[in-house]
Structure formats: C-alpha cells, structure tokens
Protein chains: 2
Amino acid sequence: MPRCYCALLRKATRRVTSVYDDALQPIGLNLAQFSLLRHIARDEPISMTELGRKIELERSTVSRNVKVLEGMGLAATGSGKDQREAIVELTENGHRILVDGAPLWQAAQDKIEARLGTDASAQLEDLLLAL
Amino acid sequence: MPRCYCALLRKATRRVTSVYDDALQPIGLNLAQFSLLRHIARDEPISMTELGRKIELERSTVSRNVKVLEGMGLAATGSGKDQREAIVELTENGHRILVDGAPLWQAAQDKIEARLGTDASAQLEDLLLAL
DNA sequence: GCATGATGTGTGTATATACACGCAATTGCC
DNA sequence: GGCAATTGCGTGTATATACACACATCATGC
C-alpha cells in the first residue's frame with residue numbers, strides 16, 4: 001500500500017507547526033495567529049470574505065480566528081461603507097507584535113530550512129504551491 | 001519576505017484534505033477518520049498511547065478521534081490485562097468500510113498524483129518524510 | 001507487603017477548521 | 001420605487017488538535 005499524501009501532509013504539518021508555535025511562544029501567539037496577523041497587515045483594512053479568499057480559509061473560520069486576535073487587542077473590527085461588510089485592521093499592538101515576532105518566526109523558518117537543506121526547501125515550496 | 005513553510009504546508013494540507021474528504025464522502029468518513037481506521041487495522045488491538053506514538057498524535061487527540069469511530073460503530077474499545085490501558089480494535093463494519101473506502105481513497109490519491117506528476121509526487125513524499 | 005514513582009487515561013479548556021442556516025444589506029430589473 | 005436575487009456575516013454544530021490536570025493502576029525498592 002503506497003503512502004497517503006494527505007496523511008503525510010497532515011503529519012508533517014503537525015510537526016512543523018509545533019516548531020513555529022514553540023518559536024513564537026515568547027509573544028504568546030501560535031503560527032496560525034501570527035500568519036493571519038501578517039495577512040491582515042498586508043491588506044488592511046480588509047473584509048472577512050476578502051481575507052478568506054486570499055488565504056483560502058472558510059469565511060466563518062476567518063471571522064472566528066480574527067475574533068481571537070481582537071480579544072488579544074491586536075486587531076479591531078468595524079464595518080465599511082457597505083454595511084454588510086465586517087472589516088478588520090491591526091491595532092498598534094498588532095503592528096508591534098509583528099515586529100517583535102519577526103525574528104522568532106525567522107528562527108523557526110531557519111530551523112526548517114536547515115532540516116531540509118536549501119535546495120530541498122525550495123523544492124518543497126514549489127511542490128506545496130503546485131498542490 | 002520569503003514564504004513561510006508552515007503557512008504553505010497548512011494551506012496545502014487544507015486543499016489536499018478537501019480532495020480526500022470529498023472522495024470519501026460516499027462512506028461518510030473524512031480522511032482523518034479513514035486514516036485512523038487504517039492505522040488501527042494495521043496493529044489492532046492497540047492501546048491509545050501506542051497508537052498515538054505511531055501516528056504522532058497527542059494521546060488525548062487519539063482518544064477523542066477513536067470515540068468518534070466508536071460512535072459510528074466502526075471501532076470498539078476495552079481494556080487489556082493492564083487495567084490502565086484502553087485498547088481499541090475494529091468492528092466488522094470497521095473492516096468492511098476500509099474495503100469499501102479503498103477505491104475512493106485511491107481515486108483521491110490518483111488525483112493528487114496527477115496534479116503533481118509521478119516524479120514530483122515521489123519528491124514530495126521524500127520531503128514530507130524528511131520534515 | 002507497602003510506599004513511591006512511573007505510566008496510561010479521560011476531561012477541561014482553547015484554538016483551527018468546515019458546512020449549513022438564517023439574517024441583513026445591496027444590487028438589478030421592471 | 002419595489003421586489004427578487006445576490007452578497008456578506010455570524011452562529012450552531014461537529015471534528016481535529018494540543019496542553020494541563022487529576023485519577024487510577026502498575027512496577028520497584030526495601
């Protein structure tokens with residue numbers, strides 16, 4: 001029986017996520033939260049739907065994850081001209097924690113790259129983007 | 001800013017998981033459940049801790065996921081000689097659904113392999129195992 | 001035999017994720 | 001202008017996942 005790509009991916013994701021989560025512990029965020037924060041920063045202010053489209057996450061998932069950041073005081077939500085839209089942007093603390101977290105994230109990134117080697121890391125990136 | 005390996009992995013995992021989940025829909029299981037069922041089948045009867053060790057999942061996560069399978073009538077739990085251990089094995093229906101699901105799983109597997117090509121698929125497998 | 005430390009479990013809590021529903025606002029068509 | 005279809009959202013529900021705790025059982029040293 002050949003290996004299941006999906007099971008392999010899921011296991012690798014668990015492992016790698018824990019490396020990043022550990023690295024980000026000093027700022028009290030996990031990788032998913034840090035990543036979401038970065039995406040918001042890149043396009044703020046942005047609506048939930050648009051954010052979900054960019055990061056390929058279910059809209060309701062985005063809403064809930066944003067709510068966690070909001071509870072931490074890192075993001076703030078409101079509504080735009082279109083009263084249906086819920087838009088989110090970062091607070092000052094949100095921006096600051098991105099700066100503080102950058103070197104922590106980089107350390108995790110380096111750790112993974114060291115684990116695979118430079119060439120293999122680039123290969124992995126290509127393959128994941130092709131999926 | 002280089003790409004985050006972890007975010008890439010997580011996104012790819014979401015995408016791929018949904019391919020397998022869709023494929024397995026006829027048997028009413030998702031990939032995580034199907035995969036867990038297969039692992040149990042390979043080593044049954046097996047304790048939660050041992051199962052978690054093999055698939056690199058938190059023990060308590062294994063317990064809860066097994067409970068779902070148990071609720072579906074696909075697995076049964078009990079305790080071994082060591083009264084602390086909770087052991088699990090498949091029911092008849094559990095074994096049957098593995099057979100029914102095999103071609104569905106294979107179809108998803110083929111779809112992913114087609115998406116990447118044979119060589120890249122093998123590469124991906126190697127890289128994921130190296131993580 | 002018994003106290004102690006080690007081991008195995010389940011539960012509580014929190015986040016990540018998806019899907020189905022129902023509600024509110026906007027847009028389009030006459 | 002008004003009604004229907006579209007769009008955007010939050011909530012309910014369910015699973016996957018991890019970590020911290022508390023409890024039960026086993027193994028060991030004496």
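Everything that follows concerns the structure shown earlier in this document.
Residues numbered from 1 in each chain as written. Chains lettered and ligands numbered in written order. Predicted model: local features only at pLDDT ≥ 70, side-chain atom pairs only at ≥ 80, totals over all residues. Heavy atoms only, no water.

A. Summary view of the nonpolar core. Ranked by internal contacts, the top residues of the largest apolar core, which has 79 residues, are Y20 of chain A together with Y20 of chain B. When residues of this core are assigned to their parent elements, the largest contribution, 10 residues, is made by helix 1 (residues 5-24) of chain A. In this structure Y20 of chain B touches C4, Y5 and C6 of chain A together with L31, W105, A108, Q109 and I112 of chain B, once residues within four positions along its chain are discounted. (Core = buried A, V, L, I, M, F, W, Y, C linked by side-chain atoms within 4.5 Å. Buried < 20%, exposed > 50% of the residue type's maximum accessible area, 1.4 Å probe, protein only. Helix = DSSP H or I, 4+ residues; strand = E, 2+ residues; numbered from the N terminus. Contact = heavy atoms within 4.5 Å.)

B. Structural view of the protein's contact with DNA strand D. Among the 27 residues in the neighbourhood of DNA strand D, the closest are listed as T49, R59, S63 and R64 of chain A together with S60 of chain B. When atoms of DNA strand D within 4 Å of the protein are split into backbone and base, the sugar-phosphate part holds 62%. Here a phosphate oxygen of DNA strand D sits 3.3 Å away from a polar atom, N or O, in the side chain of R14 of chain A. In this structure, R84 of chain B approaches DNA strand D through a side-chain N or O atom, which is 3.1 Å from a base oxygen. Taken together, the elements giving at least two residues each to the surface near DNA strand D come down to helix 1, helix 3 (48-55) and helix 4 (59-71) of chain A together with helix 2 (31-43) and helix 4 (59-71) of chain B. Looking at the surface near DNA strand D, its residues break down into 5 nonpolar, 10 polar and 12 charged. (Near = heavy atom within 4 Å. Polar contact = N/O pair within 3.5 Å; in protein donor to acceptor, adjacent residues only side chain to side chain. Nonpolar A, V, L, I, M, F, W, Y, C, P; charged D, E, K, R; others polar.)

C. Broad picture of the interface of chain B and chain A. Counting residues at the interface gives 42 residues for chain B and 42 residues for chain A. The largest per-residue losses of area from chain B upon contact with chain A belong to Y5, L127 and L131 of chain B, which jointly make up 18% of the total buried on that side. Our count for the contact surface shared by chain B and chain A stands at 4 salt bridges. Linking E125 of chain A and R3 of chain B is a salt bridge whose minimum nitrogen-to-oxygen distance equals 3.9 Å. Within the residue set of the side of chain B that touches chain A, elements represented by two or more residues are helix 1 (5-24), helix 2, helix 3 (48-55), helix 5 (92-116) and helix 6 (118-130) of chain B. (Buried area = accessible area lost by both parts, 1.4 Å probe. Salt bridge = Lys/Arg side-chain N within 4 Å of Asp/Glu carboxyl O.)

D. Looking closely at the relation of the copies chain B and chain A. Of the transformation placing chain B onto chain A, the axial shift is 0.0 Å and the rotation is 180 degrees, giving an RMSD of 0.0 Å. On the angle and the small slide along the axis, the relation comes out as a two-fold axis. In this assembly the copies share their binding face: 100% of the residues contributing to the interface of chain B also contribute to that of chain A. (Least-squares fit on C-alpha atoms with pLDDT ≥ 70 in both.)

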